[in-house]
Amino acid sequence: MSFVGNCGTFTRGYKAMIMDVEFLYHLLYLLICALGLFVHEFFYSLLLFDLVYREETLLNVIKSVTRNGRSIILTAVLALILVYLFSIVGYLFFKDDFILEVDKLPNETLLPDHTEPGETMTGEFLYSDVCKAGSSENCSSVIPSDQLIAEEMEEENKEHTCETLLMCIVTVLSHGLRSGGGVGDVLRKPSKEEPLFAARVIYDLLFFFMVIIIVLNLIFGVIIDTFADLRSEKQKKEEILKTTCFICGLERDKFDNKTVTFEEHIKEEHNMWHYLCFIVLVKVKDSTEYTGPESYVAEMIK
């Protein structure tokens, strides 16, 4: 309504209203309010983002990512290419090392009440604490059934996550980028007696240096440098507003040893709000009643 009330649709047309970012921003908030009113109250929590829009420092945090978005996206593409190449190498040579521990959802039917006769005999053979007759084991060191169950459950909680190339890519992308030392932190720890021990060390170190140290820090560096530039621009703008006349551009030091101080100049001689009021007067006044200076200002505004 403010867009239409300020003669936006009459002077600029409806296309300008649709393309106006601030209009679309408030239209989105109106939609969120409607969703919160008719769908669910949790939609109202999205309105807290208005703090980011109103505070320039928080807005610069968002701009630090969006201003150099192309550089960040291209660097992220480079990271994906490297992850894809490391996934291929892992799939070809280190498939058996991709053994990750998973937390499965608890199953309520682990111990069924009704079992088959064969299952009862098998369970008794596996989990009974009784020493088996005729066996060569030492009956003084029988493994408790709880320990056997725990070992089996531990084995069940580990899965091979590189059976296909797609699973290798997902594993390297998910666990490799989120681990401080790269994908080597989550893979199986190889023995030095294995023939591929040296290759595995090189694989882990290359991933750590190329992806974790170089590529990720490139992305972080772009974001941090952009935020620093935005902060310096804000400080420079505030410094100019404090030390420079908004109308004539004269700086504060030009008024040293003068009869008029800088504060008197910007408040009385060149008060910017007086100029704004004069522009509003020119806009609302009938053009046939313009004076000479008003006609000149109106032409310059156009």
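In this text the structure is predicted, and so the values were computed from the model without any measurement. (Residues numbered from 1 in each chain as written. Predicted model: local features only at pLDDT ≥ 70, side-chain atom pairs only at ≥ 80, totals over all residues. Heavy atoms only, no water.)

Student: Even after reading the chapter, I still don't get the UniProt feature "transmembrane region" (unreviewed entry) in the chain, so can you show me in this structure?
Tutor: On the UniProt side, "transmembrane region" (unreviewed entry) is annotated at positions that read residues 27-52, 72-94 and 205-228 here. The straight-line gap between the two end C-alpha atoms of residues 72-94 is 31 Å; of that span, 96% is helix and 0% is strand. As a span, residues 205-228 carries 100% helix and 0% strand, and end to end its C-alpha atoms are 32 Å apart. (UniProt positions renumbered as here; feature names shortened; annotations may be inferred. Helix = DSSP H or I, 4+ residues; strand = E, 2+ residues; numbered from the N terminus.)

Student: Could you clarify how one ought to interpret the nonpolar core in this entry?
Tutor: In summary, soluble globular proteins display a tendency toward joint burial of nonpolar side chains. Counting 17 residues, the largest nonpolar core has Phe98, Val172, Val183, Tyr203 and Phe207 as its most contacted members. The set of elements that each furnish at least two residues to this core consists of α7 (69-93), α10 (165-178) and α11 (197-243). Sort the elements by how many residues they give to this core and α11 lands first, with 6 residues. Discounting residues that sit within four places of it in the chain, valine 183 has contacts with Val172, Gly176, Tyr203 and Phe207. (Core = buried A, V, L, I, M, F, W, Y, C linked by side-chain atoms within 4.5 Å. Buried < 20%, exposed > 50% of the residue type's maximum accessible area, 1.4 Å probe, protein only. Contact = heavy atoms within 4.5 Å.)

Student: Explain the side chain of aspartate 50 here, please?
Tutor: The residue aspartate 50 is located in helix α5 (residues 50-54) in this model. Judged by relative accessible area, aspartate 50 falls into the buried class, the value being 16%. Within polar-contact distance, the side chain of aspartate 50 engages the side chain of tyrosine 25 at 2.7 Å. Other than its neighbours up to four places away in sequence, aspartate 50 contacts Tyr25 and Tyr29. (Polar contact = N/O pair within 3.5 Å; in protein donor to acceptor, adjacent residues only side chain to side chain.)

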